[in-house]
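A structural walkthrough
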Amino acid sequence: MAVLLGGYSTPLLGISIFIAALTYITYKLLSSYLHKWFMLKPVPQAEGTYPFIGNALQFKTNAGDFFHQIEDFTREFRDAPLFTLWVGPVPFVVLFHAETVETIVTNAVHMEKSMSYNFLHPWLGTGLLTSTGSKWRQRRKMLTPTFHFSILTDFLEVMNEQSEILVEKLEKQAGKGPFDCFSYITLCALDIICETAMGKKIYAQSNSDSEYVKCVYKMSDIISHRQRTPWFWPDFVYYFFGTGREHDKTLKILHSFTYKVIHERAENISNTESDSDSDAGPKKRRAFLDMLLKTTDEDGNGMSHQDIQEEVDTFMFRGHDTTAASMNWAIHLLGSHPEVHRKVQQELQEVFGESDRPVNTDDLKKLKYLECVIKESLRLYPSVPFFARNIGEDCRINGFKVPKDATAVIITYALHRDTRYFPDPEEFRPERFLPENSVGRPPYAYLPFSAGLRNCIGQRFALMEEKVVLASILRKFNIEACQKREELRPVGELILRPEKGIWIKLEKRKPQTLSN
């Protein structure tokens, strides 16, 4: 006989408690959803937005088609200050005007990344990109000194060496007709980031079948697809019906690589210190990992190996994929615009003459027009085409009420095409970024490295790398693009990439063509 408690059997009591709890949870979720639904009702929204389902069934599954769909939405609502898309029961408030974006990125209340970043946690943990609150503040404070300019200049030697290897690889393609340069640039960027971040050479340019490279791209695709398909957000659904097993298999390869390097470096850190303290022998290069292993917080506590792995994985992903994409877009644009191409090479001639010496820090300061080219390339093709923040409290954006816990999505790709600040926005005009032409442009009209408290900590590293690599290529070759703009088909996943690569022709430059 069942034990009676206050007149109810134990099983019946358990069922009653379960039903009550389920009812309460359903009520809370439903009331939260209805609160957001009615508050956001006045905000312009796409046609075919249905309760509970939202726009989820409208979204294209192909990454390229999905990105073009988002483009179409921003064009449709170009005269509206913002609009709303619903992915299932989750509202996404879409922003792509400087004045509305500023409201979000300058307010610390909205500093937390959106829930869509949670799918990055298994890979990147809660490092600088994905952490929030006090952990983010503490980690940012600890890591900022590792990106000091004096430390970045130590990385310049690596950038020059890997750029030289890249040029040697490209020489084999020069004069031979069209080829896809995307992987060449990507492998160079990966070699640079591995040596500067972890102090380890992986010779990716010599071993183009690098398992790590393949897994980085595979993981990016897996995460991006899951972000677009809300029915795979619950873990149990994802692992039973989605690509959960493939996700974990790929993750194991990525983590085992960085784990091994961190532990090897930690074991040798005492030797590294003794070498650096000694006057004998060549100076040992510092790596980002070495500095992390020695980093302590205000209480004198060092970072654990798990903490370090979060930051190394983050820096490896964000530090090579973004710069590689940016350099590839710049190469296409230079190859499509002979006049800009000529101006860059003229500037390189003024700085380097006919020498083949490596790039130094003084050269970087002088390459002003090349910097404009990089900035304009990032305007047209920002490496991160959109990013998202969680709305931390009920607020108003351009007069519209936006509820707490909605997601604000900043579409950088569309923001950079605002005709108020970039006339003829599809035109490639590096002169837009000359100092005299930038006067009066709002700071939040151009955000290739985000902005506010959570701006990209590695942006100086990225600009330095891009200058060195592009200068090395353009000193040796003339570039001709083999694709028209409409053939590129940008794919906006975690990183903006061309769907079919970047196809170019290269011709070696003759010494006499270097003179004015």
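These numbers were taken from a predicted model, which means no experiment stands behind them.

What follows concerns the confidence of the model for the protein. Residues at a pLDDT of 70 or more form 91% of the protein, whose mean pLDDT is 86. Mean pLDDT in the protein bottoms out at strand β1 (residues 4–5), which sits at 48, and peaks at helix α17 (residues 368–380), which reaches 98. Ignoring residues within four places in sequence, the model shows residues 1–5, a span with pLDDT below 50, making 8 contacts including any to other chains. Every residue in residues 512–516 is under pLDDT 50, and counting partners more than four places away or in other chains gives 8 contacts.

So, about the sheet that holds strand β9 (residues 407–411). Read from one edge of the open sheet, 4 strands run β3-β4-β9-β6, paired in mixed fashion. In this open sheet, the two edge strands, each paired with only one partner strand, are β3 (83–87) and β6 (386–390). Between one strand axis and the next, the sheet turns through 30 degrees on average, direction left out of account. Note: β3 against strand β4 (residues 90–95), 5 bridges, orientation antiparallel. Counterpart to phenylalanine 83 in the pairing with β4 is valine 94. Contacting β3, β6 and β9, helix α2 (residues 63–76) crosses the sheet at an angle of about 150 degrees to β3.

Take the pattern of salt bridges next. According to the stated counting rule, one finds 24 salt bridges in the structure shown. Its salt-bridge partner being glutamate 311, residue arginine 139 comes within 2.5 Å of it at the nearest N-O pair. Pair noted here: arginine 139 is in helix α5 (residues 133–143) and glutamate 311 is in helix α14 (residues 305–336), with a separation of 172 residues, a long-range link. Measuring nitrogen to oxygen at the nearest pair gives 2.8 Å for the salt bridge that ties arginine 342 to glutamate 339. Of this pair, arginine 342 and glutamate 339 both sit in helix α15 (residues 338–352), 3 residues apart, which is roughly one turn of that helix.

Our next topic: the sheet that holds strand β10 (residues 477–481). Overall, antiparallel pairing links the 3 strands, which are arranged β5-β13-β10 in an open sheet. Two strands in the sheet have a free side with no partner beyond their single neighbour: β5 (179–180) and β10. In the sheet, β10 pairs with strand β13 (residues 503–508) via 5 bridges, with the strands oriented antiparallel. Its bridge partner being in β13, glutamate 480 is matched across the sheet by lysine 505. Most of the contacts of α14 go to β10, to which it runs at about 85 degrees, and overall it touches β10 and β13.

Note that threonine 407 resides in strand β9. Not counting residues within four places of it along the chain, the set of residues in contact with threonine 407 comprises Val90, Pro91, Phe92, Val93, Ser114, Ala388 and Arg389.

With respect to the helices and strands, the residue valine 340 is situated in helix α15. Through-space distance from the C-alpha of valine 340 to that of alanine 20 is 69 Å; in sequence the pair is 320 residues apart. Apart from residues no more than four positions distant in its own chain, valine 340 is found in contact with Leu334, Tyr369, Val373, Phe428 and Pro430.

Turning our attention to the nonpolar core. Core analysis: the largest hydrophobic core is formed by 152 residues, its most contacted members being Trp123, Leu190, Met316, Val344 and Ile473. No other element matches α14, which puts 13 residues into this core. What leucine 190 contacts, discounting residues up to four positions off in sequence, is Ile202, Ala204, Ser210, Tyr212, Val213, Met316 and His320.

So, about the pairing of β3. Of all 5 residues that make up β3, 5 are buried, and the element is covered over most of its length. With burial as the criterion, each face of β3 is covered, one bearing Phe83, Leu85 and Val87 and the other bearing Thr84 and Trp86. The turn linking β3 back onto β4 is made up of 2 residues, and glycine 88 within it adopts a positive phi angle of 65 degrees.

Here we take up unusual backbone geometry. Look at aspartate 405: it is not a glycine, yet its phi comes out positive at around 75 degrees. With respect to the helices and strands, the residue aspartate 405 is situated in the loop between β8 (400–402) and β9. Assessed through its relative accessible area of 38%, aspartate 405 is described here as partly exposed. The backbone phi angle of arginine 489 is positive, close to 45 degrees, even though this residue is not glycine. Tracing the chain through its elements places arginine 489 in the loop between α21 (485–488) and β11 (490–492).

What follows concerns the packing of aromatic side chains. How two aromatic rings sit relative to each other is given by the distance of their centres and the angle of their planes. Following the criterion strictly, the structure yields 21 aromatic pairs and no others. Between phenylalanine 119 and tryptophan 233, the ring centres sit 6.2 Å apart and the planes meet at 40 degrees, which makes this aromatic pair tilted. In this pair, phenylalanine 119 is assigned in the loop between α3 (98–105) and α4 (121–124) and tryptophan 233 in the loop between α9 (211–228) and α10 (235–241), connecting sequence segments 114 residues apart. We note that phenylalanine 119, like tryptophan 233, is buried. These aromatic residues form a ring-pair network of at least three members: Phe73, Phe77, Phe83 and Phe96. Seen from the ring of tyrosine 238, arginine 226 lies directly overhead, with NZ or CZ sitting 3.9 Å from the centre.

Definitions and cut-offs
Residues numbered from 1 in each chain as written. Predicted model: local features only at pLDDT ≥ 70, side-chain atom pairs only at ≥ 80, totals over all residues. Heavy atoms only, no water. pLDDT = per-residue confidence, 0-100. Helix = DSSP H or I, 4+ residues; strand = E, 2+ residues; numbered from the N terminus. Contact = heavy atoms within 4.5 Å. Pairing = 2+ DSSP bridges. Axes fitted to C-alpha atoms, helices over the stretch in contact; angles between N-to-C directions. Salt bridge = Lys/Arg side-chain N within 4 Å of Asp/Glu carboxyl O. Core = buried A, V, L, I, M, F, W, Y, C linked by side-chain atoms within 4.5 Å. Buried < 20%, exposed > 50% of the residue type's maximum accessible area, 1.4 Å probe, protein only. Phe/Tyr/Trp six-rings, centres within 6.5 Å; stacked < 30°, edge-to-face > 60°. Lys NZ or Arg CZ within 6 Å of the ring centre and 35° of its normal.

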